[in-house]
Each structure stands twice: as structure tokens, then as C-alpha cells.
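Topology and contacts: notes
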Amino acid sequence: MNKPPSYVGVDIGTSVTKAVLFDDAGGVIASTDCRTHLSTPAPGQVEQDIEDVLASVAGCITRVLAAAAGTRPALLAITGQGDGCWLADAGGHAVRPAVSWLDGRGSSVLSGWEADGTAESVYRLTGNALFPGAQAVILRWLADHEPAALDRAGTAGYCKDIIMQRLTGLRATDASDASLPFGDPAAGGYSAPAVKLCGLGRYTDLLAPVATPLPSAPLSPAGAAITGLPAGTPVSCGPFDLPACAIGAGAADVGDGVLIIGTTLACQVLVDRVDASGPVTGMHLATGQPGRWLRALPAMVGTASVDWALDILGMRHDQVSEALEASGPGAGGVEVLPYLAPSGERAPFVNPAASGQFTGLRLGTTRADILRGLCEAIAFAARDCFGVTPLTGKLLACGGGVRSRPWLQLFADVLGRPVHVARAPEAGARGAVLAARRSGLDASVPGPGTEAWTAAEAVIDPDPRAAAQYDEAFARYRLHRAAAEPMWRSA
């Protein structure tokens, strides 16, 4: 009797790669993660080594296969971080270290484009706001400072696409990554006028072809050698992590929202049109489905800010929930602006000079107060982002931050609505597998509907008293931000 099929989903995060071996009903057979490394060659610069990332992918796949000896997956599905610029040669090997989406070296480029109207013009064409870590900004910086690297490159791609090329030989991207920053929402593919506006027409050929519904190819012998999967195993690539998480969390109807509490605090709502007429902020991500986009507000605040605070405070990750419960709503008077990323903020506003601020500190302030103040501020940032686009459906949550139920309660209270906790683990890897199956890459296996894969694990309801208190606190947060903006300056 044949065994039920299984699937490997891989999510290449900014600092951690995750792999999950799923059964046919979306249950987890095995999962693992591998750390990757970020380097900072200069202040404000953040880079990654393609070989290190590839090794993390291969290592994670090898480990989940070892945990389920004898399993032969029907599919390998890959997703990963978006934005940034991953320069590779014709074989997918780096011509220079990959520039991360966290990188801020292009702040002066963006400032110039904001001053001369380029940034707004690109947004009106594509529905996608530029920020220092966007590929267009980084490419312009490289063209000005490292043109030889661009001349050596065969592809200016994204993380998952370069890994796909190394595992299969296929050079391609999907509709979601192609959305940023040059996507053409009307015709699909790339907007030639947007590329020209950024002064990058000479480098158009570096943009990878857009494959529909998703890039797919058989695993090469070289890919098989490092992963332990048989050569010829079907491999799919995409969508990138934000829309993959939306699929994996179960966003299905227009108005449904997804809150990803990860390195990026990504707030997304499924919409049926691209509206680039309003303020220049956020993204419109193609989903590969006609008439459906994700209106994404991916703030630069997130779990990386909590990691920084824990390090400064000498605390561990397993102390977060305890600290949040020890300091109640209002954090003992501590109020925070959480903009700690080197490249400032990109949602719901774009300001490369945005920086953090802690106020209300007194001699009686505790470590728990400081940590709760930061966690409250990150929740305020989510409310700020969801204020840009209508959230009329259910709100689903995923990402590393959902492991803390007190923090989830805080989000429910600040947002004033129930939070549906996505099925664990790894909504991104789950979404990559579901996207591949929906796209017909596993058509020989009927399998169950997505309901079995995406059923919520829990629903966190808001506390009415805390929600009322946070309405006032959120108003103060907005006032603090407006007062701080004139004081921000680039590092």
C-alpha cells in the first residue's frame, strides 16, 4: 500500500531558515530551523552570504528528512524574505554579498527621489512605496558606487529565487516578488516606466523572468547532493514570505487581515483592487490570483526590536510572557517609539531617519515595564498600519511572536478585535506548500481542502477595559511620533 504523500516547506527568514515536513492533512511530521548570519560591513549596512543561506536550506532539509527516515516527499516548496538585492552570476553564485532589506545605505538615494518626485511617481505606477531596503534603491546605489558588480551579475534577484536557481538551475521569480518595486499591477510583470524613472533601464535584463503560476523545476543532481532529496523531486518557489504567510494563515476573503509578528511586523489585508491614489505608503502584492492583491504595510519594527531590548536588559526570550504579565497595561508609564531599524521606517510612513524613543522612565521603572512598553508600542505600530486599509474580515496572526499569549492578548486589546492564531508551526512554509498545490504542481494528489491546513489554533478576544485604555494610549503614541519627527536625523 502506498504511503500518503508528504511535503517539505522551507521558509528562508532574515536570520533563521525553517523547514517543515507536512503530511497530507497539513500535520507536522518533523520541523527544524538553522540560524543564518547577518554582517554589518559599515554602519547602516546589512548583508548576507548566499553560500551561508544555501547551507542553511540544505541543512534544514537534511535534518527533517533524517527525522522521518524513509519518507520521500512529493514536493519541495520554498519561500523566503523579500526586498533587498541578491546579485548573482549566471550560475546563481554571488558576485558580492547580498544586500538585506534591513540595509540603509541607500537612504540618500531615497531622499533624492523623494525630493524630485521620483518616489511618488513610482508609487503611482506600481502601488509600492520605496524604502532604503527596496531593490530599486539598492540597485541605484550599486550603480553609483559599485557598477562593476552589476556588470558581473547575471541576476539582481531575491533570496528565494537565488536559492531556487542553485537547487534546480532555473532563473525565475514569481508575481509577488516581481511586484517589488517595479511591478505592473495592470499587465503583470515589470513596469518599464518605473524602471526608467529610477534610472535603471540599462539593468533591466538583470530582473529575473516572471513565471506563472509559480517557478517550478525538478531538483538537479547538485541540489539532490546537498539536500538528500532525490534528483527530479518537484521544486516550487514562491510566493515570498508575506503572501506565503497569508496563504498559510488562511486569509481567503477580501477584507481578511494577517498580522505577522516576526522580524518584520507585517500587516496585510486582502483587497480586490490596487489603489495608488492615496498617501505614498506600503505595498500592493500580486497574489497570482486574478483580481486579488495583498495591501501590505510591513513595518520595520518587530521581534528584532524585542531581541535588542532583551539583550540590553539581560533577559531571555522565555521571560517575555512573564514580564508582560508582571507589568500591566500602560507599562508603569513607559511609552516608546519603536523605530529601531538602521533604515528607519517604511510603514505606515516612510522616513529613513526615524529612530526610537523611550519616555516616562523613573527610578521605580522595572525591566518588565521597559519590555512591556516596547511590546505595547509594536502593537500600536500594527494599529497604525491597519488604519491605512480597511480590515473588514477576520484577523489572523502568525510569526514567532504568537508564542507569547500575553503579547497576543496585548495585540487583541490594542486592535480592539479578536485575533485568530494561525495553525503552527511556520505559516510561511505551510503557505508555500499550499501555493504549490493550488497551482497544480501536485495535481496527481487530490488531498484535502485548505481548511484542514489552515484551521486556527485559538482565538484571543480583546478585554474591553484594556481596549478602552489603549484607545487613549494610542492617541498619545501618535502625538509622540508627530513631536519626534522634527528631531529625527540620519545616522
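These figures come from a predicted structure and were not determined experimentally.

As a further point, take the pattern of salt bridges. This structure, assessed with the given rule, holds 21 salt bridges. The shortest N-O distance in the salt bridge between E47 and R105 comes to 2.8 Å. Of this pair, E47 sits in strand β4 (residues 47–48) while R105 sits in the loop between β7 (98–99) and α2 (107–116); the two residues are 58 residues apart in sequence, bridging distant segments of the chain. With respect to class, E47 is no different from R105; both count as buried. Here R124 makes a salt bridge to E120, at a shortest N to O gap of 3.0 Å. Of this pair, R124 and E120 both sit in helix α3 (residues 118–126), four residues apart, which is roughly one turn of the helix.

With burial as the criterion, each face of strand β13 (residues 283–286) is covered, one bearing M283 and L285 and the other bearing H284 and A286. By the bridge criterion, four bridges tie β13 to strand β14 (residues 293–299) in an arrangement that is antiparallel. Residue pairing in the sheet places H284 in a bridge with R295 of β14. Counted between consecutive antiparallel strands, the loop separating β13 from β14 contains six residues, among which G288 sits at a positive phi close to 85°.

Moving on to the sheet that holds strand β5 (residues 75–80). Pairing is mixed across the open sheet formed by six strands, whose spatial order is β3-β2-β1-β5-β10-β9. Looking at which strands have only one partner, the edges of the open sheet turn out to be β3 (28–35) and β9 (216–218). Strand-to-strand twist in this sheet, taken as the mean axis angle between neighbours without regard to direction, amounts to 15°. Alignment of strand β2 (residues 16–22) against β3, held across seven bridges, turns out to be antiparallel. Considered in β3, the bridge of L21 is made with A30.

Parameters at a glance
Residues numbered from 1 in each chain as written. Predicted model: local features only at pLDDT ≥ 70, side-chain atom pairs only at ≥ 80, totals over all residues. Heavy atoms only, no water. Salt bridge = Lys/Arg side-chain N within 4 Å of Asp/Glu carboxyl O. Helix = DSSP H or I, 4+ residues; strand = E, 2+ residues; numbered from the N terminus. Buried < 20%, exposed > 50% of the residue type's maximum accessible area, 1.4 Å probe, protein only. Pairing = 2+ DSSP bridges. Axes fitted to C-alpha atoms, helices over the stretch in contact; angles between N-to-C directions.

Any functional reading would require information beyond the geometric quantities listed.
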